[in-house]
Every structure is written in C-alpha cells, then in structure tokens.
Amino acid sequence: MMRWGILLATGLLATTACGSHGAAPGRPAADSQVIPPSRILDASALYARNCAGCHGGDGKGGAAIALGDPVYLAIADDATIIRVTSDGVSGTAMPAFAQHSGGLLTDGQIEAIVRGIRVRWAEPNALRDAGSPPPYAAQGSGDPKRGATVFGAYCSSCHGASGRGGKRASSIVDSSYLALVSDQNLRTTVIVGRPEMGAPDWRGDLPGKPMSPEDVSDVVVWLAAQRPQSVDLSSSLRPEGGTR
Ligand code: HEC
Ligand code: HEC
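Residues numbered from 1 in each chain as written. Chains lettered and ligands numbered in written order. Predicted model: local features only at pLDDT ≥ 70, side-chain atom pairs only at ≥ 80, totals over all residues.

1. Comments concerning the confidence of the model for the protein
No. 1: With 80% of its residues at a pLDDT of 70 or more, the protein shows a mean pLDDT of 86.
No. 2: pLDDT under 50 marks residues 14–23. Its contacts with residues more than four places away, or in other chains, come to 7 contacts.
No. 3: Note that residues 231–244 has pLDDT below 50 and, in this model, 18 contacts with residues that lie over four places away or in other chains. (pLDDT = per-residue confidence, 0-100. Contact = placed C-beta atoms within 7 Å.)

Structure, rendered in structure tokens:
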C-alpha cells in the first residue's frame with residue numbers, strides 16, 4: 001500500500017529532523033533564535049511541526065488516522081490522547097513525543113497540543129443522534145469466527161469478499177499494513193472511519209444498522225488474526241501486551 005510507504009518515509013524524515021535538534025543539548029536550534037523549542041506553547045505551531053506530517057495539516061487527510069475528526073474526539077478522552085502522544089505506539093510509526101519517553105516535547109507542550117486539537121476540531125454535538133457509540137477501548141476479547149461473519153455483513157461490500165480489496169476500497173488484510181498497525185488503531189478506524197476518504201464510521205457501513213460493540217470487537221480480532229504469524233519481524237514489532 002503506497003500510503004504506508006509514504007507514512008514510513010515521513011516518519012524517517014521526522015526522526016532525522018528531530019535528531020538535528022537533539023544533537024546540541026542546551027543550545028537552541030538554528031531556526032529558533034528567539035524562543036527555545038521547549039518553550040513554544042502555541043498549539044497550532046506545535047501541531048503543524050510535530051503531527052501534521054502524518055495526521056494531516058487540517059487534522060485529516062494524512063496517512064494516519066484523522067485526529068481532527070469530531071467523532072474521534074467524542075470517543076477518545078484527553079487522558080488517552082495524551083498517553084499515546086507521550087509514549088507513542090511501539091511497533092508502529094507513531095513516535096513517543098514526551099521527553100520522559102525519549103521525545104522532545106515537555107508535558108506542557110503535549111497538553112497544549114491536545115487542548116488545541118479539541119478547540120479546533122471537537123464538536124459538542126458530534127454524537128447527538130448516534131445513540132451510544134461502541135466504547136473506545138475493547139471490552140472482552142472478541143470472537144474471530146463471529147468476526148468473519150461481521151466482516152461479510154459490514155465490510156465486504158467495499159473491501160471485497162476476503163478483505164483483499166474491492167471496487168470501493170483497498171485491501172485491509174495486506175500483511176505489510178497489518179504488521180504495522182495496532183489492534184487499537186484498527187478498532188478506532190472501524191468505529192470512527194476515515195470520512196474524508198470515504199470510509200464510514202460504525203453507523204454507516206450498513207445504512208440503518210449500526211455495528212454493536214460486539215460486532216466491532218469481533219471484526220477487529222478477525223482482522224488481527226490475518227497478521228502473518230510466521231514472520232518473526234512482525235511479532236517482535238507488536239506492542240507489549242498486544243494481541244497477535
Ligand atoms: C511519523 C508519523 C506520525 C507522527 C509524526 C505522529 N503520528 Fe500519531 N499516529 C501515527 C500512526 C501510524 C498511528 C497509529 C498507530 C497504531 O497503529 O496504533 C498514530 C496514532 C495516534 C493516536 C492514537 C489514535 C487512536 O487509535 O486512538 C494519537 C492520539 C496520535 N497518533 C496523536 C499524535 C499527535 C498529537 C502527534 C503530534 C504530536 C502525532 N500523533 C504525530 C503516526 C504519526
Ligand atoms: C462504504 C465503503 C466501506 C465500507 C462498508 C467499509 N470501508 Fe473500510 N475503508 C473504506 C475506504 C474508502 C477506505 C480508505 C481508502 C482505502 O483504503 O481504500 C477504508 C479504509 C479502511 C481501513 C484502513 C484505514 C487506513 O488508515 O489505512 C480499515 C482498517 C478499514 N477500512 C476497515 C473496515 C472494516 C473492518 C469495515 C467493516 C466493519 C469497513 N472498513 C467497511 C471504505 C469502506
């Protein structure tokens with residue numbers, strides 16, 4: 001999948017760029033003669049510099065999930081967004097940004113970014129007519145057999161009968177995709193969709209029949225079970241405690 005190649009390339013660039021700042025501890029970077037980088041608290045500037053390359057300049061349209069999606073912001077709380085931003089997601093392209101996790105941002109800067117994301121993109125009524133959405137975090141372990149049935153009912157119309165791609169969407173069982181995405185991010189994507197790319201949220205796969213929390217958990221374990229089991233690289237890349 002080309003988008004994932006781009007994402008990885010962006011990640012490498014971001015790392016290289018960060019490396020050049022980190023190279024001279026205590027000295028301001030060349031482009032910040034007035035304010036040292038760790039003092040910048042402007043949320044838009046911090047987002048543009050650290051997040052836009054992967055999550056999109058306008059909070060959407062990047063290779064990685066849209067953080068500016070009001071549905072995402074309605075189901076993911078600040079503590080979760082701050083934790084992921086601080087510590088990253090190991091085994092994926094999502095870097096750790098907090099200084100205590102080896103990144104370059106202070107806790108205050110991370111809080112400013114998350115506050116800024118909410119101020120710019122959250123909508124209080126995002127879920128007004130939605131009933132209660134499936135919870136952000138999985139409850140229970142999910143049933144992959146049932147997940148295959150859920151896939152057939154909710155996903156195959158676009159992603160093809162076996163998930164290898166159809167007329168309206170590409171493969172989601174591609175091993176290079178699945179090896180680099182966490183189960184949580186699969187879950188988030190199923191619940192929130194990628195509306196800017198034509199991927200519906202949990203209400204829109206089958207119009208008039210929203211997915212239940214069990215449907216979401218089951219289809220995610222079914223997808224996760226398509227990860228190549230025999231490739232050692234992918235298992236060593238799994239986040240700690242992640243399901244393979
Ligand atoms: C090099 C690319 C890259 C950059 C830069 C990046 N991210 Fe991410 N981010 C990702 C990817 C890929 C994922 C999905 C990881 C996974 O599989 O769980 C992700 C996931 C996330 C998630 C969790 C999404 C979910 O499923 O709930 C949050 C929150 C997040 N990023 C915030 C940020 C913020 C804030 C910044 C800037 C400070 C940032 N990211 C910068 C690539 C990136
Ligand atoms: C109406 C069509 C449609 C339906 C139904 C649909 N998707 Fe998608 N999905 C898309 C499109 C379009 C994309 C983004 C472009 C692409 O990957 O082709 C996408 C992307 C994805 C991605 C990858 C996201 C990324 O960041 O690369 C996953 C995972 C996914 N869908 C899972 C599912 C699952 C699971 C279901 C069923 C519960 C489902 N989709 C139902 C259209 C659909």
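2. Considerations on the site of ligand 2
No. 1: Around ligand 2 sit 19 residues, and of these C155, C158, A169, S170 and A199 come closest.
No. 2: Put simply, the parts of the chain that give the shell around ligand 2 at least two residues each are helix 8 (156–159) and helix 10 (183–192).
No. 3: Of the residues that constitute the shell around ligand 2, the class distribution is 11 nonpolar, 5 polar and 3 charged. (Near = placed C-beta within 6 Å. Helix = DSSP H or I, 4+ residues; strand = E, 2+ residues; numbered from the N terminus. Nonpolar A, V, L, I, M, F, W, Y, C, P; charged D, E, K, R; others polar.)

3. What to know about the environment of T85
No. 1: Looking at where T85 falls in the secondary structure, it is placed in helix 5 (residues 78–87).
No. 2: The spacing of T85 and A96 is 11 residues in sequence and 6.2 Å in space, taken between C-alpha atoms.
No. 3: Discounting residues that sit within four places of it in the chain, T85 has contacts with F97, I110, I113 and V114.

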